[in-house]
Amino acid sequence: MATTLINTDFNFPGQKSVYHGKVRDVYDINDDIMVMVATDRISAFDVILPKGIPYKGQVLNQIAAKFLDATADIVPNWKLATPDPMVTVGLKCEGFRVEMIIRGYLTGSAWREYQAGCRELCGVKLPDGMRENERFPEPIITPTTKAEAGHDENISREEIIAQGIVDKDDYELMERYTRALFRRGSEMAAEKGLILVDTKYEFGKRDGKIYLIDEIHTPDSSRYFYADGYEERFEKGEPQRQLSKEFVRQWLIEHGFMGKAGQAVPEMTDAYCESVSERYIELYEHITGERFVKSDEHDLAARIERNVTQWLENRK
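Just so it is clear, the model here is predicted, and its values are computed rather than measured.

*Asks:* Please provide a residue-by-residue account of the side chain of K200, values included.
*Replies:* Within the secondary structure, K200 is located in strand 15 (residues 194–206). Only 3.2 Å separates the side chain of K200 from the side chain of E202, close enough to count as a polar contact. The contacts of K200, once residues within four sequence positions are left out, are E99, M100, I101, D214, E215 and S221.

Okay, structure coming up:
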């Protein structure tokens with residue numbers, strides 16, 4: 001199996017601290033710069049799975065960089081450069097403690113809740129009689145609180161503002177940005193024969209200004225259906241052909257794992273990890289329209305340290 005980058009422990013010039021997230025490791029440099037390393041870790045149900053997925057970090061980083069560039073006219077974003085296939089460097093922002101999830105279709109966790117009888121999601125009322133993978137008349141925003149550890153929690157717009165998690169003006173601007181970004185992402189997906197089903201955005205603030213931060217429109221943060229055959233499959237009640245991390249969640253569910261206490265992660269064989277890698281590369285090539293070029297260096301950490309250090313030195 002190809003080399004994977006699971007853990008990082010860099011010491012970049014000017015480094016002050018490091019935060020190890022579920023998938024990304026974020027290095028704080030000289031107060032104003034963040035170095036975000038997209039590792040090959042994979043998480044599901046807020047649990048980091050025991051094996052990495054070859055090329056996953058490169059796929060996520062390169063898709064996110066492409067979409068950050070393609071949406072910079074809608075909202076300012078944190079990205080300054082991508083000095084390595086697995087790294088983005090950008091401006092340090094104070095992140096809001098909510099994730100803005102926007103859904104164009106009833107699927108995934110929202111469908112699982114709907115099936116269980118839920119008719120209100122994050123303060124948004126849902127009509128009776130909807131079917132799995134049905135398109136909403138208008139996309140709905142279903143935010144979650146960002147948990148330091150464990151599961152993110154659904155929360156309504158009203159609760160976010162009432163609890164002072166985000167003030168009203170900032171939240172309303174984040175909503176407008178979320179809808180505009182989703183429209184742009186949907187248009188770009190449609191050009192490639194895909195449907196952007198749902199996604200999440202994260203925002204932060206710097207010098208009083210709201211920025212789009214983190215990743216955007218990747219298979220970790222988004223769900224895509226193939227447009228071709230969507231209507232026929234929907235009418236027949238058949239599963240949609242999709243490109244997203246949902247297939248990993250479904251595999252885990254089928255093997256009795258949903259991140260709950262006492263449940264064990266099923267064995268991830270090399271063959272299974274390779275199959276997941278192929279799906280990530282497939283999405284990259286579909287959504288970007290470009291061939292994925294595998295970065296096959298054996299020592300990924302050494303390459304990253306070399307490339308990022310050179311970028312930081314040149315910026316001085």
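Next comes the rest of the write-up.
*Asks:* How would you explain the packing of aromatic side chains if you had to name every residue and give the values?
*Replies:* Going through the model one piece at a time under the given rule, you end up with twelve aromatic pairs. Consider the rings of Y55 and F292, whose centres lie 6.1 Å apart with planes at 75°: the pair is edge-to-face. Here F292 lies in the loop between helix 7 (270–288) and helix 8 (300–315) and Y55 lies in the loop between strand 5 (47–48) and helix 1 (56–70), a separation of 237 residues in the sequence. For Y55, a relative accessible area of 10% translates into the label buried. Overall, F292 belongs to the buried group, its relative accessible area being 4%. Residue placement shows R131 over the ring face of F234; its charged tip is 4.2 Å from the ring centre. Its guanidinium or amino end placed over the ring of Y226, R241 lies 3.8 Å from that ring's centre, counting from NZ or CZ.

*Asks:* Summarise helix 4 (residues 168–191); cite the residues concerned and give the values.
*Replies:* A rise of 1.5 Å per residue sets the reference length of helix 4, with its 24 residues, at 34 Å; its end C-alpha atoms lie 35 Å apart and thus fit the reference within 8%. Buried within helix 4 we find D170, Y171, M174, E175, Y177, T178, A180, L181, F182, G185, M188 and A189. Measuring from the side-chain oxygen of the N-cap residue of helix 4 to the backbone nitrogen of D169 gives 3.2 Å; that N-cap residue is D167. G193 lies just past helix 4 and shows a positive phi near 75°.

*Asks:* Explain the sheet that holds strand 7 (residues 87–91) residue by residue, including any values.
*Replies:* Picture the strands of a sheet paired through backbone hydrogen bonds; they go either parallel or antiparallel. With antiparallel pairing, the five strands of this open sheet are ordered in space as 1-2-3-7-6. Each edge of the open sheet is held by one strand with a lone partner, namely strand 1 (15–20) and strand 6 (79–84). Adjacent strand axes in the sheet meet at a mean angle of 20°, parallel and antiparallel pairs treated alike. Pairing of strand 1 with strand 2 (residues 24–29) involves five bridges; the strand directions are antiparallel. Following the sheet pairing, S17 is matched in strand 2 by D28. Across the sheet, helix 1 is in contact with strand 2, strand 3 (33–38), strand 6 and strand 7; its angle to strand 6 comes to roughly 150°. Packed onto the sheet, helix 8 meets strand 2, strand 3, strand 6 and strand 7 and runs at close to 135° relative to strand 6.

Calculation rules
Residues numbered from 1 in each chain as written. Predicted model: local features only at pLDDT ≥ 70, side-chain atom pairs only at ≥ 80, totals over all residues. Heavy atoms only, no water. Helix = DSSP H or I, 4+ residues; strand = E, 2+ residues; numbered from the N terminus. Polar contact = N/O pair within 3.5 Å; in protein donor to acceptor, adjacent residues only side chain to side chain. Contact = heavy atoms within 4.5 Å. Phe/Tyr/Trp six-rings, centres within 6.5 Å; stacked < 30°, edge-to-face > 60°. Buried < 20%, exposed > 50% of the residue type's maximum accessible area, 1.4 Å probe, protein only. Lys NZ or Arg CZ within 6 Å of the ring centre and 35° of its normal. Expected span 1.5 Å × (residues − 1). Pairing = 2+ DSSP bridges. Axes fitted to C-alpha atoms, helices over the stretch in contact; angles between N-to-C directions.

Don't take any of this as a statement about function, it's just geometry.
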